[in-house]
Amino acid sequence: MTIETLGGVVTLADGTPVPLSKAVRAGDFIFLSGQLAFGSDGKIVAGGIAPQTRQCLTLIEAFLQNLDAQLTDVVRATVWLTDTGDFAPFNTVYAEFFSEYPPARSTVCSELVLPDARVEIEVTVFKPKE
């Protein structure tokens, strides 16, 4: 089995490279690294858990489209929330993106690397090569 990186390496807003890939393909699976709610300015979007969840999932959806995949190809998600009180509003937004076929999911509460980040989402995609 060949393993390939997709999307290049992650670079911080200040240009510092981070030693991880945006995504990795291993056989028929694509593993996306955790996505934070970065806006076009490179900063975490304001407004709390709902806009941050929406931004994370919008960025994941756009990245998948570049790989000829879509959210319906997501088979697994791992979510980190910084506040257990955000679980219900997070789920409301999450359900907008995964209404018909929600993937298997784990959700944990933990601090995140960036202090303004309230949510991080990583996904695993099943997308056989054509």
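Analysis parameters
Residues numbered from 1 in each chain as written. Predicted model: local features only at pLDDT ≥ 70, side-chain atom pairs only at ≥ 80, totals over all residues. Heavy atoms only, no water. Helix = DSSP H or I, 4+ residues; strand = E, 2+ residues; numbered from the N terminus. Buried < 20%, exposed > 50% of the residue type's maximum accessible area, 1.4 Å probe, protein only. Contact = heavy atoms within 4.5 Å. Salt bridge = Lys/Arg side-chain N within 4 Å of Asp/Glu carboxyl O. Pairing = 2+ DSSP bridges.

1. Remarks on the side chain of Thr-124
Looking at where Thr-124 falls in the secondary structure, it is placed in strand S6 (residues 119-126). Judged by its relative accessible area of 15%, Thr-124 is buried. With residues near it in sequence (within four places) discarded, Thr-124 still touches Phe-29, Ile-30, Phe-31, Asp-73, Val-74, Val-75 and Arg-76.

2. Remarks on the pattern of salt bridges
Side-chain pairing between opposite charges can occur once the charged atoms of the two side chains come close. In total, this model carries 2 salt bridges according to the counting rule given. Measuring nitrogen to oxygen at the nearest pair gives 2.6 Å for the salt bridge that ties Arg-118 to Asp-86. With Arg-118 in the loop between strand S5 (104-109) and S6 and Asp-86 in the loop between strand S4 (74-81) and helix H2 (87-97), this residue pair connects regions lying 32 residues apart in the sequence. According to the relative accessible area criterion, Asp-86 is buried, its value standing at 7%.

3. Structural notes on unusual backbone geometry
For Asp-68, which is not glycine, the phi dihedral falls at a positive 60°. Within the secondary structure, Asp-68 sits in the loop between helix H1 (49-66) and S4.

4. Points about the pairing of S6
The buried count for S6 comes to 6 of 8 residues, which makes it a mostly enclosed element. Bridge analysis of strand S3 (residues 29-35) against S6 gives 5 bridges, and the strand direction is antiparallel. Looking at the pairing, Ile-30 lines up with Val-125 of S6. Judged from the 7 bridges that link them, S4 and S6 form a sheet pairing that is antiparallel. Counted as the bridge partner of Ala-77 is Val-123 from S6.

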